[in-house]
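Results of the structural survey
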Amino acid sequence: MNHSQSKALFSRAQETIPGGVNSPVRAFRGVGGEPVFFKEGAGAWLTDVDNNRYVDLVGSWGPLILGHAWPPVVAAITEAARLGSSFGAPTEAEVRFAELICATVPSVEKVRLVSSGTEATVAAIRLARGFTGRDYILKFEGCFHGAGDPFLVKAGSGVETLGLPDSPGVPAAVAGLTLTAPYNDLGAVEKLFAERGKDIACAIIEPVVGNMGVLIPEEGYLQGLQALCRAHGVLFVLDEVMTGFRLARGGAQEVYGLRPDLSTFGKVIGGGLPLAAYGGRRDVMSKVAPEGPVYQSGTLSGNPVAVAAGLASLQALRSPGVYERLDSIGRELEAGLRAEAEEARVPVTINRVGSMFTVFFTEGPVFDYASAKKSDTARYGRFFHQMLEEGVYLPPSQFESAFLSLSINEPEVAHILRAARRAFRALGTAA
Ligand SMILES: *Cc1c(COP(=O)(O)O)cnc(C)c1O
């Protein structure tokens, strides 16, 4: 494949954009080499600026569950833009959107729209603190909740360890209010809550982790966490920015039978436009300004074009059998990838829930931050580049979920598996 236009753009971009990208993982540092610049997406396929084509397994990092440029979404965006792209005042579509979310996710009794997942999680934490009058929060090692200060905390080695800032610019005093515990370890939370429970406003978690590669909750783990939260007056915040409307219409909370106090949404709900939300218990959400004292606002919140894209996407996801289809394509792809890896004698662990999956280059099992870190990331990098050359766009990092869309059908699955056969074989002989 020729990547000369991408290369030229990347060197130009580095002059005016930090690292040449507007979000760090895009820069390919996790896999080496230089990023591909895209000019078009249609259904399951991407075209780059050098006219190479790829089956897309990133889907803009989760939002594009329908695929690229799904015609009803494009039509909704066009129509909304024609009527005026922003009013900074209420619209009917926002009300319909809020009603749709509340009707689909029973734990959400009231919801506030924002423009990014980061905004949603930052607002949810502020609300949890304002509601409980407690300052500490608990997050889980390897879980990502966006780029807000309270979340940029290095996963500590134990639950007693106070968080250390993961980034210059996050004051130690802020990071120190974030406690961490390993994912899939209820005992650690039990111990932490026994000692510090009354200081903790909320526990926030990715129900199925997507941001350490895919990690699957062990049987009873999330339900146990919810029960521990209840027992200690700690709000249970489910970060469904990735899983909401992706794993099921009602998100991971529907799949695992949960009733969180607060939930955050993003990605899929915006249909590829900047739209996110936080919502939950009526008494908690009633503390949000102007109904209550906890301040949060946004000039473009509930933006009409974004809401139109969101409504059209969620509408499409109401067709019967949609999630079953995503799961069956996922199952087929998982089995195929496993068979190809085995054939090439490349040890992998494939974690998948519905349309989210990760191929870890380790014998596994992979169930938390420490076990995910055992993966051979250099090997993933070689696999990634081989797949890219074969026309498959995987996430440019071992520690990110791949996503399926409803535009991926049998021909695309065959294309991916053909590419994977060659890529695994190349690794096998290289080893
Ligand atoms: C992507 C993501 C976020 C951040 O959303 P942005 O829109 O990128 O700010 C937060 N939480 C989870 C679980 C995510 O996957």
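As the structure is a prediction and not an experimental result, all values here were calculated from the model.

This part takes up the site of the ligand. Taken together, Ser116, Gly117, Thr118, Phe144, His145, Gly146, Glu206, Asn211, Asp239, Val241, Met242 and Lys267 make up the full set of residues near the ligand. Interatomic distance of 2.6 Å between a side-chain N/O atom of Lys267 and an oxygen atom of the ligand. The protein chains hide 82% of the 380 Å² of surface that the ligand would expose on its own. Residue composition of the shell around the ligand, by class: three nonpolar, six polar and three charged.

With omega at 10°, the peptide bond leading from Ala289 into Pro290 counts as cis. By the secondary structure assignment, Pro290 is in the loop between α9 (282-285) and α10 (304-316). Of the consecutive residues Gly364 and Pro365, the connecting peptide bond is found in the cis state with omega at 0°. Relative to the helices and strands, Pro365 is located in the loop between β14 (356-360) and α12 (369-372).

Moving on: the nonpolar core. Phe245, Leu317 and Phe424 are the most contacted members of the largest nonpolar core, which has 74 residues in total. It is α10 that provides the largest number of residues to this core, a total of nine residues. Each of domain 1 (4-65 + 320-430) and domain 2 (71-316) accounts for three or more of the residues forming this core. Residues Met212, Leu247, Ala372 and Phe399 belong to the second largest nonpolar core, which totals 37 residues.

Attention now goes to the pattern of salt bridges. Scanning the model with the defined rule gives 16 salt bridges in all. Between Glu109 and Arg259 there is a salt bridge whose closest N-O contact spans 3.5 Å. Residue Glu109 is found in the loop between α3 (92-104) and β4 (110-114), and its partner Arg259 is found in the loop between α8 (251-255) and β11 (262-265); the two are separated by 150 residues along the sequence. Arg331 is the salt-bridge partner of Asp327, the closest N and O atoms lying 2.7 Å from each other. Of this pair, Asp327 and Arg331 both sit in helix α11 (residues 322-343), four residues apart, roughly one helical turn. By relative accessible area, Asp327 is classed as partly exposed at 24%.

The next subject is the UniProt feature "modified residue: N6-(pyridoxal phosphate)lysine" (unreviewed entry) in the chain. Sites flagged by UniProt as "modified residue: N6-(pyridoxal phosphate)lysine" (unreviewed entry) map to Lys267. Mapped onto the fold, Lys267 is located in the loop between β11 and β12 (276-280). For Lys267, a relative accessible area of 25% puts it in the partly exposed group.

Our next topic: the pairing of β12. Within β12, five of the five residues are buried, which leaves the element mostly enclosed by the surrounding structure. Here β12 shows no split at all, with Ala276, Tyr278 and Gly280 on one side and Ala277 and Gly279 on the other all buried. Of the strand pairs in this sheet, β4 and β12 are connected by five bridges, and their pairing is antiparallel. When the sheet's bridge partners are listed, Val111 is paired in β12 with Gly279. Where β11 and β12 come together, four bridges link them in antiparallel fashion. From the neighbouring strand, Phe265 faces β12, where its bridge partner is Ala277.

Moving on: the sheet that holds strand β16 (residues 402-403). With antiparallel pairing, three strands are arranged side by side in an open sheet as β13-β14-β16. Single-partner strands in this sheet number two, and they are β13 (349-353) and β16. Bridge analysis of β13 against β14 gives five bridges, and the strand direction is antiparallel. Across the sheet, residue Arg352 finds its bridge partner in β14, namely Phe357.

Look at helix α2 (residues 71-82) against α10: their axes get within 8 Å of each other, and the N-to-C directions meet at 155°. Between α2 and α10, the angle is such that the two are roughly antiparallel. Along this stretch, α2 crosses α10, giving a crossing that reads as right-handed. Across from Pro72, Val73, Ala76, Ile77, Ala80 and Ala81 in α2, the residues of α10 making contact are Pro304, Val305, Ala308, Ala309, Ala312 and Ser313. Grouping the amino acids of the contact of α2 with α10 by side-chain chemistry returns eleven nonpolar, one polar and no charged.

Turning next to the environment of Leu388. Relative to the assigned elements, Leu388 resides in helix α13 (residues 377-389). With a relative accessible area of 3%, Leu388 lands in the buried category. Spatially, the C-alpha atom of Leu388 lies 23 Å from that of Gly354, the residues being 34 residues apart in sequence. What Leu388 contacts, discounting residues up to four positions off in sequence, is Met1, Phe28, Val36, Tyr54 and Tyr393.

What counts, and where the lines are drawn
- Residues numbered from 1 in each chain as written.
- Predicted model: local features only at pLDDT ≥ 70, side-chain atom pairs only at ≥ 80, totals over all residues.
- Heavy atoms only, no water.
- Near = heavy atom within 4 Å.
- Polar contact = N/O pair within 3.5 Å; in protein donor to acceptor, adjacent residues only side chain to side chain.
- Areas by Shrake-Rupley, 256 points an atom, 1.4 Å probe, with all protein chains shown as cover.
- Nonpolar A, V, L, I, M, F, W, Y, C, P; charged D, E, K, R; others polar.
- Helix = DSSP H or I, 4+ residues; strand = E, 2+ residues; numbered from the N terminus.
- Core = buried A, V, L, I, M, F, W, Y, C linked by side-chain atoms within 4.5 Å.
- Buried < 20%, exposed > 50% of the residue type's maximum accessible area, 1.4 Å probe, protein only.
- Domains from an automatic or database assignment.
- Salt bridge = Lys/Arg side-chain N within 4 Å of Asp/Glu carboxyl O.
- UniProt positions renumbered as here; feature names shortened; annotations may be inferred.
- Pairing = 2+ DSSP bridges.
- Axes fitted to C-alpha atoms, helices over the stretch in contact; angles between N-to-C directions.
- Parallel < 35°, antiparallel > 145°, perpendicular 65-115°, else oblique.
- Left-handed = near helix turned anticlockwise from the far one by under 90°.
- Contact = heavy atoms within 4.5 Å.

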